[in-house]
2 protein chains.
Amino acid sequence: MKRHSIAAPFRSRHPHPCDGHLPSDLEPILRQRITETAEATLELNRGEILVHSGEPFKYLYLLLSGGFKAEEIGEDGLSQIVSFHYAGEFMGLSAFAEQRYMVDLIALVPSSVCEFPMAGVQTIIQDDRALLDRLLIYVSDRLMRAEQVQLMLGSMSSTQKIAHFLVDRLEASRRGAQAESRFELPMTRKELGSYLGLSMETVSRLLSHLQEQGVVRVDKRQIEILREDQLRVWLDGVVSLPASSRGKPAAKQALKLA
Amino acid sequence: MKRHSIAAPFRSRHPHPCDGHLPSDLEPILRQRITETAEATLELNRGEILVHSGEPFKYLYLLLSGGFKAEEIGEDGLSQIVSFHYAGEFMGLSAFAEQRYMVDLIALVPSSVCEFPMAGVQTIIQDDRALLDRLLIYVSDRLMRAEQVQLMLGSMSSTQKIAHFLVDRLEASRRGAQAESRFELPMTRKELGSYLGLSMETVSRLLSHLQEQGVVRVDKRQIEILREDQLRVWLDGVVSLPASSRGKPAAKQALKLA
DNA sequence: CGGTCGCTTGATAATCGTCAATTGATGTGG
DNA sequence: CCACATCAATTGACGATTATCAAGCGACCG
């Protein structure tokens, strides 16, 4: 984990590395003040740990580029990825309650993050309550998403889970600059399985199955969505994973519904 | 749903109905100010809906007595209970992001809640930022819990899920006034199943099984924990639900581990 | 008193996890 | 630079866990 300190003179002379990466709904004044409190940027390689669960909540992190997983660790050794983080997102928002991080934050791919000391954040909040308003909204937003993940984990079949994930990624990539229907997954099949509550093997089979049916094109971690409509059929729960494509009824079904 | 307005003259002369129900970590000054903004208390019977998902976020609710479920509704008709709420808890905290409620809030048993108009809450926040700090903590606390539920849903077996739930309830009842190892469930088996990502039948079988082994006593919705140590063995994942107690190896296993 | 609801229990079957073998990619040290 | 180890991914065979279907029972309500 390489650390690049941002000295005060540097800050005033150069475009700030966090600039252009802050959430777009943040008021301009706040952007500037936040930017000024950033103490350093960090570069992490795949597998490097940014924060350990249980450590005191000293920094808020903004992901500038790359990808992260947030992994919840049970007392008994169980673990589960509870969220993935993509560029532009804050990380560590579940730490306000206990003033300690509640998850491990681990880089999935080479990533850079911006580090905001909580002391500085508190200072900003002293003169301008707007930032606190924003933080409340961000945390509430994550809560909303976590509840949606609960629905996914508790009530969906494996096919629905994958479709749910792919549709979510597709919509995110559409919101991006050049509205693509292609994207790159930053995580392994195993990590995706952990997030979805499935085994690595099931994830792999589902992706193969989706590809056989011409719904997506899968090349390593490159995903291209060919038929969003079919994906939404999977999401509606009509399709199920065949036991090694028994007599290939699944293909017929897919054609029927097309 | 019966509504009792709290007129201003009433407020000054009587002990307030919300008094003594607010979270204990709230500063006294805030308690008083919050209490003053309460507009009404509501009485709901089992099954009555306090809030529909999607409605605008007009009120924050404090549960005074009884129990609630928060039910997430998928676009396709799927639904899942994402949390239960017990006396003293705020409800509706995932609504800050979109300014709409994200779940249905439904009474599990006859309940009373205190209704705080968001307009009034905003007013308090204008003069005193402490309340906003508190809200951030409460939302972050719920996020933390939601992430723990994700771990439960994604990585635990049915036996671990039930044990997890019962241990959680046991600890809550211990924190109560007379530190009991007995408590009453406010929800049906089906509702509990929805929350745990299990079918009603599996929940019923697991409770029967726990009773056969003398770990708990179950009478309708009354639960008494007899052997917390055994419950924690279940939580560690050593035990599994036998297929109709095949030759009763489960009983032997339980004795071995005792 | 009939009907619905909550709960229990049994039989059966489907989904999905586990185990295993294989392949290709990556990286490391001799 | 190549052999070797490790890791990610795929695919198949098998079986366990847990959902579904079905029947029955007591409680409560109209």
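Shown above is the structure to which this text applies.
The following paragraphs examine the structure supplied in this document. (Residues numbered from 1 in each chain as written. Chains lettered and ligands numbered in written order. Predicted model: local features only at pLDDT ≥ 70, side-chain atom pairs only at ≥ 80, totals over all residues. Heavy atoms only, no water.)

Our next topic: the overall build of chain A. The secondary structure content of chain A amounts to 9 helices and 12 strands. For chain A, restricting intrachain contacts to residue pairs at least 6 apart in sequence, the fraction spanning at least 24 positions comes to 73%. (Helix = DSSP H or I, 4+ residues; strand = E, 2+ residues; numbered from the N terminus. Contact = heavy atoms within 4.5 Å.)

Strand order in the open sheet formed by 4 strands is β3-β8-β5-β6 (chain B), with antiparallel pairing between adjacent strands. Lying at the two open borders of the sheet, with one neighbouring strand each, are β3 (49-51) and β6 (79-86) of chain B. Going from strand to strand, the sheet's axes swing by 30 degrees on average, the running direction of each strand aside. In this structure, strand β5 (residues 67-73) of chain B lies alongside strand β8 (residues 104-107) of chain B, joined through 4 bridges in antiparallel fashion. Looking at β8(B), one finds that B:A70 is bridged to B:L105. The strands touched by helix α4 (residues 130-155) of chain A are β5 and β6 of chain B; relative to β6(B), the strand with the most contacts, the crossing angle is about 120 degrees. (Pairing = 2+ DSSP bridges. Axes fitted to C-alpha atoms, helices over the stretch in contact; angles between N-to-C directions.)

As a further point, take the packing of helix α3 (residues 118-127) of chain A against α4(A). All names here are of chain A. It is at 7 Å that the axes of α3 and α4 come closest, and there the two elements cross at 120 degrees. With respect to α4, the element α3 is oriented oblique. Contacts between α3 and α4 involve V121, I124 and I125 from the former and L131, L132 and L135 from the latter. Residues of the contact of α3 with α4, tallied by class, amount to 6 nonpolar, no polar and no charged. (Parallel < 35°, antiparallel > 145°, perpendicular 65-115°, else oblique. Nonpolar A, V, L, I, M, F, W, Y, C, P; charged D, E, K, R; others polar.)

Turning our eyes to something else, we now look at the protein's contact with DNA strand D. Around DNA strand D, the surrounding shell holds 19 residues, and the nearest of these are A:R189, A:R205, A:S208, B:S158 and B:T202. Backbone atoms, meaning sugar and phosphate, form 59% of the atoms of DNA strand D found within 4 Å of the protein. Going through the elements one at a time, α7 (200-212) of chain A together with α7 (200-212) of chain B are the ones with two or more residues in the surface near DNA strand D. When residues in the surface near DNA strand D are grouped by element, the largest group, 5 residues, is from α7(A). Grouping the amino acids of the surface near DNA strand D by side-chain chemistry returns 2 nonpolar, 9 polar and 8 charged. (Near = heavy atom within 4 Å.)

Residues and elements named next belong to chain B. Positionally, W234 belongs in helix α8 (residues 228-235). Each C-alpha atom of the pair W234 and H164 lies 8.6 Å from the other, and the pair is 70 residues apart in sequence. Setting aside residues up to four positions removed in sequence, W234 forms contacts with T159, Q160, A163, L206, H209, L210, Q213 and V239.

Opposite the 46 residues of chain A that make contact, chain B presents 45 residues. Between chain A and chain B lies a buried interface of about 4,000 Å² when both sides are counted; carbon and sulfur atoms form 65% of it. It is A:R129, A:L136 and A:Q150 in chain A that bury the most area against chain B; as a group they hold 17% of the surface buried on that side. For the pair chain A and chain B, the number of links is 0 salt bridges. Our count for the contact surface shared by chain A and chain B stands at 18 residue pairs in polar contact (both at pLDDT 80 or more). For the side of chain A that touches chain B, the secondary-structure elements that each account for two or more residues are β5 (67-73), β6 (79-86), α3 and α4 of chain A. The element best represented in the side of chain A that touches chain B is α4(A), accounting for 20 residues. (Buried area = accessible area lost by both parts, 1.4 Å probe. Salt bridge = Lys/Arg side-chain N within 4 Å of Asp/Glu carboxyl O. Polar contact = N/O pair within 3.5 Å; in protein donor to acceptor, adjacent residues only side chain to side chain.)

Moving on: the packing of aromatic side chains. Pairs of aromatic rings are described using the distance from one ring centre to the other and the angle between the two planes. All names here are of chain A. Per the counting criterion, the structure on display carries 14 aromatic pairs over all chains. Judged by centre distance (6.4 Å) and plane angle (55 degrees), the ring pair of F90 and F116 falls under tilted. On the criterion of sequence distance, the pair formed by F90 in strand β7 (residues 90-91) and F116 in strand β9 (residues 111-117) is long-range, its members being 26 residues apart. You'll find F90 and F116 in the same group, each marked buried. Taken together, F57, F96 and Y101 form an aromatic cluster joined through their ring pairs. The ring of Y86 has R169 sitting right over it, with the charged end atom 3.6 Å from the ring centre. (Phe/Tyr/Trp six-rings, centres within 6.5 Å; stacked < 30°, edge-to-face > 60°. Buried < 20%, exposed > 50% of the residue type's maximum accessible area, 1.4 Å probe, protein only. Lys NZ or Arg CZ within 6 Å of the ring centre and 35° of its normal.)

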